[in-house]
Amino acid sequence: MGDHGDWSSRDWIIHHADANHGAYSSKPWVNSFLGASLNFLGGNAMNWKIQHNVLHHTYTNIDGLDEDIAPGPILRLSPNQPLTKIHRFQHLYAWFLYT
């Protein structure tokens, strides 16, 4: 089955993101097909394209405008976000939230 035989959900997220960026394949139909797979995982490919490709890439890492750095109170991804006691352990627990 090669490299694509046993994709995990993490792999699907990475591959759909590459596809929705138009970077997974040199064939646009492959990118469209794989990018649309997000719809079957409970997401919305069109919404992702707008939120990520337009909003995130326009306002990358700008607190209050880039939703990708606003994951909630348990993670602090900007120095402009409130600092709480739990954040001192973020380097230990953040990895598990991304798997």
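The structure displayed is predicted, hence computed values, not measured ones.

**Q** Before we go on, may I ask you to explain the overall build of the protein chain in this structure?
**A** Secondary structure summary: the protein chain contains four helices and zero strands in total. For the protein chain, the sequential pattern of α-helices and β-strands runs α-α-α-α. Per-residue burial over the protein chain gives 28% buried out of 99 residues. Within the protein chain, contacts between residues at least 6 apart in sequence are counted, and of these 16% link residues at least 24 apart. Looking at the protein chain as shown, the accessible area adds up to about 7300 Å², and 63% of this sits on carbon and sulfur atoms.

**Q** Just checking my understanding: could you explain a nonpolar patch on the surface for this structure?
**A** Taken together, Met-46, Ile-50, Val-54, Leu-55, Tyr-59, Ile-62 and Leu-65 make up a surface patch of nonpolar side chains, about 600 Å² in accessible area. Take Ile-50: it is sitting in helix H3 (residues 45–58).

**Q** Would you mind going over the environment of Pro-73 with me for this structure?
**A** Checked against the element boundaries, Pro-73 lands in the loop between H3 and helix H4 (90–97). Using a relative accessible area of 71% as the deciding quantity, one classes Pro-73 as exposed. Measuring from C-alpha to C-alpha, the distance between Pro-73 and Ile-86 comes to 9.1 Å, with 13 residues separating the pair along the chain. Leave out the neighbours within four places in its chain, and Pro-73 touches Ile-86 and His-87.

Rules behind the numbers
- Residues numbered from 1 in each chain as written.
- Predicted model: local features only at pLDDT ≥ 70, side-chain atom pairs only at ≥ 80, totals over all residues.
- Heavy atoms only, no water.
- Helix = DSSP H or I, 4+ residues; strand = E, 2+ residues; numbered from the N terminus.
- Buried < 20%, exposed > 50% of the residue type's maximum accessible area, 1.4 Å probe, protein only.
- Contact = heavy atoms within 4.5 Å.
- Areas by Shrake-Rupley, 256 points an atom, 1.4 Å probe, with all protein chains shown as cover.
- Patch = residues over 30% accessible without salt bridge, like charges linked within 9 Å, V, L, I, M, F, W, Y side chains within 5 Å.
- Salt bridge = Lys/Arg side-chain N within 4 Å of Asp/Glu carboxyl O.

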